[in-house]
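# Results of the structural survey
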6 protein chains.
Amino acid sequence: MLRILVINPNSNTEVTAAIDRAMAPLRTADAPTIDCITLSDGPPGIESQRSCDLAASLVSAHIAEASEEADAFVVACYSDPGVSASREVTTKPIFGAAESAMAMAASLGVRAGVISILDVAVARHWRHARSVMLAPFIVADLPIGLPVSELADEAQCRARMLEVGLRLKEAHEAEAIILGCAGMARYRAALEAELGVVVIDPTQAAAAMAISALRLGYRAA
Amino acid sequence: MLRILVINPNSNTEVTAAIDRAMAPLRTADAPTIDCITLSDGPPGIESQRSCDLAASLVSAHIAEASEEADAFVVACYSDPGVSASREVTTKPIFGAAESAMAMAASLGVRAGVISILDVAVARHWRHARSVMLAPFIVADLPIGLPVSELADEAQCRARMLEVGLRLKEAHEAEAIILGCAGMARYRAALEAELGVVVIDPTQAAAAMAISALRLGYRAA
Amino acid sequence: MLRILVINPNSNTEVTAAIDRAMAPLRTADAPTIDCITLSDGPPGIESQRSCDLAASLVSAHIAEASEEADAFVVACYSDPGVSASREVTTKPIFGAAESAMAMAASLGVRAGVISILDVAVARHWRHARSVMLAPFIVADLPIGLPVSELADEAQCRARMLEVGLRLKEAHEAEAIILGCAGMARYRAALEAELGVVVIDPTQAAAAMAISALRLGYRAA
Amino acid sequence: MLRILVINPNSNTEVTAAIDRAMAPLRTADAPTIDCITLSDGPPGIESQRSCDLAASLVSAHIAEASEEADAFVVACYSDPGVSASREVTTKPIFGAAESAMAMAASLGVRAGVISILDVAVARHWRHARSVMLAPFIVADLPIGLPVSELADEAQCRARMLEVGLRLKEAHEAEAIILGCAGMARYRAALEAELGVVVIDPTQAAAAMAISALRLGYRAA
Amino acid sequence: MLRILVINPNSNTEVTAAIDRAMAPLRTADAPTIDCITLSDGPPGIESQRSCDLAASLVSAHIAEASEEADAFVVACYSDPGVSASREVTTKPIFGAAESAMAMAASLGVRAGVISILDVAVARHWRHARSVMLAPFIVADLPIGLPVSELADEAQCRARMLEVGLRLKEAHEAEAIILGCAGMARYRAALEAELGVVVIDPTQAAAAMAISALRLGYRAA
Amino acid sequence: MLRILVINPNSNTEVTAAIDRAMAPLRTADAPTIDCITLSDGPPGIESQRSCDLAASLVSAHIAEASEEADAFVVACYSDPGVSASREVTTKPIFGAAESAMAMAASLGVRAGVISILDVAVARHWRHARSVMLAPFIVADLPIGLPVSELADEAQCRARMLEVGLRLKEAHEAEAIILGCAGMARYRAALEAELGVVVIDPTQAAAAMAISALRLGYRAA
């Protein structure tokens, strides 16, 4: 049985649980097993570049050690920490949430707007999108600007996400929306219903890419 | 039961049969049904831009008529004829072989070289890659230069593909190879073994993207 | 006597007549003859990508058959249907309205805004502009959003075009305007007077390029 | 009677005479008069950026003074000295040889290789091509590397141009050739015959653009 | 003792004096001497491309003659007149104010907004930024739109600069400000205090680059 | 007295000593003090992306703790580990060796070739160059391909660097060379003498930028 390991590089097990729930539609009869784990020594959340760099080391260290325990790996964070490094430690396919989400938009022929948590993430996302040559698929990246402490307030969070999503669609002509944080998975359905465009959850996108890669036998040199 | 319709826009049923065989790894227990059809009024092969334009009309006409008969559509030709038009006639997701193959390379974090049949295809491929903003993922597009009549000669064809693949890998630093024609599917395994890099069959890539889209419920506005 | 064939790929003879009138300034003493024809089996108008793909096939089929009847060909539609294909069927020069209009802006050293009919055309125009590498010359492409049935209402149409033209000039810093539809030729003078910038009718631009090419003896390999 | 003034910004009257002869195919019955003049205080040749900057001042000074004496102006040097400045001193259309040659390639749907005289010109040409956003249309710019004193040796010059032209076509996949110096006009026919691709003389291209602009009444704001 | 010659290419000695004062922080114990000179035959100000072209010739002529009198040269004008030409007449390092300011922004990892004097400068700045491949570091270039006669009115000028600076920061997300005119040096401190971002005076940036180059012994081939 | 802290993120004190020697020309009378330190818990060398990610965390952690101990920071590794993160933890200016080296090339108006140690570094360098938008300044990045164990063999190392440098200059038209590793500083003079082009040591470039920033009082918001 093939196995995909989805790594939440922050130490928040509630986020891992939400990611795990978002995997449901990909868990089909003879599909690869999808296991979601939390890096317990990861930062509580990946807000700064510094926490992202820390996560990068933890992710590739984990994959280097666990490379025999799975057939493909997904990094469940919209900054793709450790993805490049992991590709150097194993020939098994590695998928970053951001890279996969943008590639998914590309396969659908649409340009997307990104909804981010905090302003500080935006520049980091752009650096990454340019780095992986997918920046042309992003029309804008806008933060909801809520402090983490208020993310638990679901009504407020959803309202802000809808507001930003509408701005991406109307002022920036986004043809799709990318959730710029692995922890936003639970809002996907609501946003899709209200905005009327495809909303891409990046971890779902990456896990779907991983399944495809395993089905088709892709394996790096 | 969800259904994906893979449309071979040329009238060559042998090509359709080969595409159909290439779908095998994607036909899993509760996966969407994948049916491959031949456009019997399509050109015998899509070599020129003219045959590509003709195929484009046929593809979108077929999808417009058959839009209720499937849940997602794949256009099995590396020039993606009719993909843009089809996206205007249905909100169901449409996947082009070329666009999906390049997006797959993007998700794997690699730049690919394309192996084409004839020299005349190369400029067409570049126009398309620029059009869909994925040209940065292609390092070179080189033809094997065999007349169609000699494609049946499997030994010669495979030798030429290997030769071109090696050139893409060594002189152009391709990190993956894309088969630039839906009819090359049967050579994928051999090339992969001999070149030691991921070889992407574009129809497989597109069908895998379609499965992902259906699993995740993507649907255009 | 050299002859340029201007092909209106839609079946609307009123549009052909308007295009024909717009050729007046290019019909000089010993200039090539400019004949404008209607593709009677063309779509009534080219609004969708699907009608554009259909037109593409008809255009290149016509040029393939009529290649001996003219010395250069102009495709009078801002989506350039069939231009690439036609260049494969004859070595005589082929000019697309959009490509020529953007190249004309380039020769004048200006960046242009495009006035389109319908929203659906905008994405198509961008795909094409990227494909032919002239997208940097377009600052924005905005639709007037009138249903075809109301295009006959000249006062309303002109008012909408002026409004969009002003927006292109003021909000998007367009230094010139391109009429994004061959059927807008009659509004060129009025717009130019009111906006105070060069207004490029794409069919005029393409026919002028064709005359230049014939004078200078350009002929593809 | 409309008049186009073609300005050779170097003081070499033999070059002006050659440019004048190259205008022959554009001098038709009721076409605008094309007069070619030499800037007698111009540099003997425009090889360095310094001579180019000097020529720039002379060109725009001349056009500022002579703006009423012609209806359009052509700057007959592949570095387009003074073109931007001249556009600020008159609303009459100004055409640069390089900009027009590249725009002509764009209108023909081809990418061109440039044949230059000296190595020092190459970087200057690239700076200019990037500046006017037409660099994507140039596949390579290669010098023949002959000292000016040997340009008079027509056999040698032609042999070197053919050699460089072949390299542009074969190693760089040039679909057309641009003569990267106004003084190369006389070699156009021979190169075209031997290479089998369109060869664009930049002054011819610019004069043809000027005729088009006058016919169509383009005039800057 | 090493010497840097800063050339103000306009004939306004008050501007030279202001530039000279701006050099103060770079005049340290054993630093290269920085001498600022006025080109007395330069234009009174560089507003148009024509005055810029004239300045270009004067600058490179001066540097060609004075090449032994200094070890590095700075061109103190945000249009970098004569910089490319000067690099052809000496192997000593030449620094343009604009190129250096944009490179300084690059070294700081920020994208900048440019404050220009007049609207006519904006297109010239963009042509230059594209030419030297640093345009991606500029988010916008906005003029204060004051006639030169009113630049003496310091209060008004400063107010306008602050207004434009705020717009660059807030509407265009500039992370730094570049003063788009060598004559704006005296406003740097005030702007920096009020906007809270790095404000780059281009002549300071160029002189600092020159000092670095001399310290490190850079010298062109 | 202002102080610049140069951080060697690998634990090799010989490399730090070599970097320290390379600072000599920047240690002038009243210049900021330049202190070079070794991160003793850093990886022995930064060859892989994984060691780079690890170094990134160590660098920004060090700067976060030591932010009051210096006025500017230089990260002495051609992969710029921790530079982005460090900019989020202090408003003091942070300079990356790679970013500064490329910006220095930009200020000199040249395009550079990079000499790298190992093949694995090349892709990482390109990802970074694209990320910071300076990739257009790099013509090629070629490895010398020596295992670290052989770097001590100075004669061999220098011969390989010269060979790669020549290839960058002749086959890739590099106008300058960038040493793609902080440990190559000692070869700068020899390469410059033999190749006849500017050779940029990235740590020198970054320290020079830091001095400029301190002299001019740049400080992030």
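All right, on to unusual backbone geometry then. All names here are of chain C. At Asp 80, a residue that is not glycine, the phi angle is positive and equals roughly 50°. Of note, Asp 80 is situated in the loop between strand E3 (72–75) and helix H3 (83–89). Positive phi outside glycine occurs at Glu 173, with the angle close to 55°. Relative to the helices and strands, Glu 173 is located in the loop between helix H6 (154–170) and strand E7 (176–179).

Turning our eyes to something else, we now look at the domain arrangement of chain A. All names here are of chain A. Here chain A is partitioned into domain 1 (3–95 + 203–216) and domain 2 (99–202). Here domain 1 and domain 2 have C-alpha centroids that lie 19 Å from each other. Tallying the contact residues gives 23 residues for domain 1 and 26 residues for domain 2. Surface buried jointly by domain 1 and domain 2 totals about 1,900 Å² across both partners, of which 54% is contributed by carbon and sulfur atoms. At the surface where domain 1 touches domain 2, the tally comes to one salt bridge. Among the salt bridges present, the one from Glu 99 reaches Arg 87, with a minimum N-O distance of 2.8 Å. Secondary-structure elements contributing two or more residues to the side of domain 1 that touches domain 2 are helix H1 (13–22), helix H2 (49–66), helix H3 (83–89) and helix H8 (202–216). Counting residues per element, the side of domain 1 that touches domain 2 draws most heavily on H8, at six residues. Among the residues making up the side of domain 1 that touches domain 2, the classes are represented as 15 nonpolar, five polar and three charged.

Let us look at helix H7 (residues 188–195) of chain E. When we look at burial in H7 of chain E, the residues that qualify are Arg 188, Ala 190, Leu 191, Glu 192 and Leu 195 of chain E. As for H7 of chain E, its buried residues are in contact with strand E5 (112–116), helix H6 (154–170), strand E7 (176–179), strand E8 (198–200) and helix H8 (202–216) of chain E together with helix H8 (202–216) of chain F. Immediately beyond the C-terminal end of H7 of chain E, within one or two residues, lies Gly 196 of chain E, with a positive phi of roughly 70°.

A few words on the sheet that holds strand E4 (residues 94–96) of chain A. Residues and elements named next belong to chain A. The four strands are arranged E2-E1-E3-E4 in an open sheet whose pairing can be described as parallel. With partners counted over all chains shown, the strands left at the sheet margins are strand E2 (33–38) and E4, one partner each. For this sheet, the mean angle separating the axes of adjacent strands, direction not counted, is 20°. Sheet analysis places strand E1 (residues 3–8) next to strand E3 (residues 72–75), joined by four bridges and oriented parallel.

To continue, consider the relation of the copies chain D and chain E. One copy of the chain maps onto the second through a rotation around an axis plus a translation along that axis. Under the fitted operation, chain D is carried onto chain E by 0.0 Å of movement along the axis and a turn of 180°, and the coordinates agree to an RMSD of 0.0 Å. On the angle and the small slide along the axis, the relation comes out as a two-fold axis. Proximity to the rotation axis, assessed at the C-alpha, singles out Ser 131 of chain D in chain D; its C-alpha lies 2.2 Å from the axis. A shared interface surface links the copies, since 100% of the contact residues of chain D are contact residues in chain E too.

After a rotation of 180° and a shift along the axis of 0.0 Å, chain B superposes on chain A with an RMSD of 0.0 Å. The fraction of interface residues of chain B whose copies in chain A are also interface residues reaches 100%, indicating that both copies meet through the same surface.

Moving on, we come to the environment of Tyr 187 of chain E. Residue and element names in this part refer to chain E. Position of Tyr 187 among the secondary structure elements: in the loop between E7 and H7. Once the C-alpha coordinates of Tyr 187 and Met 104 are considered, the two residues, 83 residues apart in sequence, prove to be 19 Å apart. With residues near it in sequence (within four places) discarded, Tyr 187 still touches Leu 151, Glu 154, Cys 157, Arg 158 and Met 161.

Criteria and thresholds
- Numbering of residues starts from 1 in each chain and follows the order in which that chain's sequence is written.
- The order in which chains are written sets their letters, starting at A; the order in which ligands are written sets their numbers, starting at 1.
- Per-residue local features of the predicted model are confined to residues with pLDDT of at least 70, and side-chain atom pairs are confined, for both listing and counting, to 80 or more; whole-chain, interface and lining totals are unaffected and use all residues.
- Only heavy atoms go into the side-chain values, all of them from the structure, while hydrogens and water stay out.
- The helix and strand labels rest on DSSP assignments: H or I over at least four residues marks a helix, E over at least two residues marks a strand, and numbering proceeds from the N terminus.
- Each domain span listed reflects an automatic or database assignment of domains.
- Between two residues, a contact is recorded if the distance between any of their heavy atoms is within 4.5 Å.
- Accessible area that two parts lose when put together, with a 1.4 Å probe and added across both, is what the buried area reports.
- A carboxyl oxygen of Asp or Glu within 4 Å of a side-chain nitrogen of Lys or Arg is what we treat as a salt bridge.
- Charged means Asp, Glu, Lys or Arg here, nonpolar means Ala, Val, Leu, Ile, Met, Phe, Trp, Tyr, Cys or Pro, and polar covers whatever is left, Gly included.
- Relative accessibility thresholds used throughout: buried, under 20% of the residue-type maximum; exposed, over 50%; partly exposed, between the two (1.4 Å probe, protein chains only).
- Two strands qualify as a pair provided that DSSP identifies no fewer than 2 bridges between them.
- Axis lines are fitted through C-alpha atoms, for helices just across the contact stretch, and the angle between N-to-C directions can take any value from 0 to 180 degrees.
- Least-squares superposition of the copies uses the C-alpha atoms of those residues scoring a pLDDT of at least 70 in each of them.

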